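# Descriptive analysis of the structure
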Amino acid sequence: MAATVLNEAQQELLRMMAVFNTPEAVGDLKQAISDYFARKAENEINKMWENGTLSDDKIESFRTLHERTPYKK
């Protein structure tokens, strides 16, 4: 089995985890991480609206979008 090598950021996060010793603290951490990624996604969507990559027409086209993977039987 190969050993996993953690980078410096991962090691720092593990050191920080020592203070999360209650379910409430873990829940707060999960919420903070979720909020962080939600903000990142919202910022990217706003950029797409501003540069024209995303528009009302594009959103409307999603209604009829079919990108399912065909499976052979």
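Check the entry above for the structure.
Our subject in this report is the structure included herewith.

Cut-offs applied
- Residues numbered from 1 in each chain as written.
- Predicted model: local features only at pLDDT ≥ 70, side-chain atom pairs only at ≥ 80, totals over all residues.
- Heavy atoms only, no water.
- Phe/Tyr/Trp six-rings, centres within 6.5 Å; stacked < 30°, edge-to-face > 60°.
- Buried < 20%, exposed > 50% of the residue type's maximum accessible area, 1.4 Å probe, protein only.
- Salt bridge = Lys/Arg side-chain N within 4 Å of Asp/Glu carboxyl O.

### Side note on the packing of aromatic side chains
- By the definition in use, this model includes one aromatic pair.
- Summarising the aromatic geometry, the rings of Y36 and F37 are spaced 5.0 Å apart at their centres and angled 80° between planes, so their arrangement reads as edge-to-face.
- For Y36, a relative accessible area of 40% translates into the label partly exposed.

### Here we look at the pattern of salt bridges
- The tally for this structure, following the rule as stated, stands at four salt bridges.
- Between R15 and E8 there is a salt bridge, with the nearest N and O atoms lying 3.2 Å from each other.
- Overall, R15 belongs to the partly exposed group, its relative accessible area being 46%.
- In this structure E8 comes out as exposed when scored by relative accessible area, which is 54%.
- Taking the shortest distance from any N to any O, the salt bridge between K47 and E44 comes out at 3.4 Å.

By themselves these figures say nothing about function.
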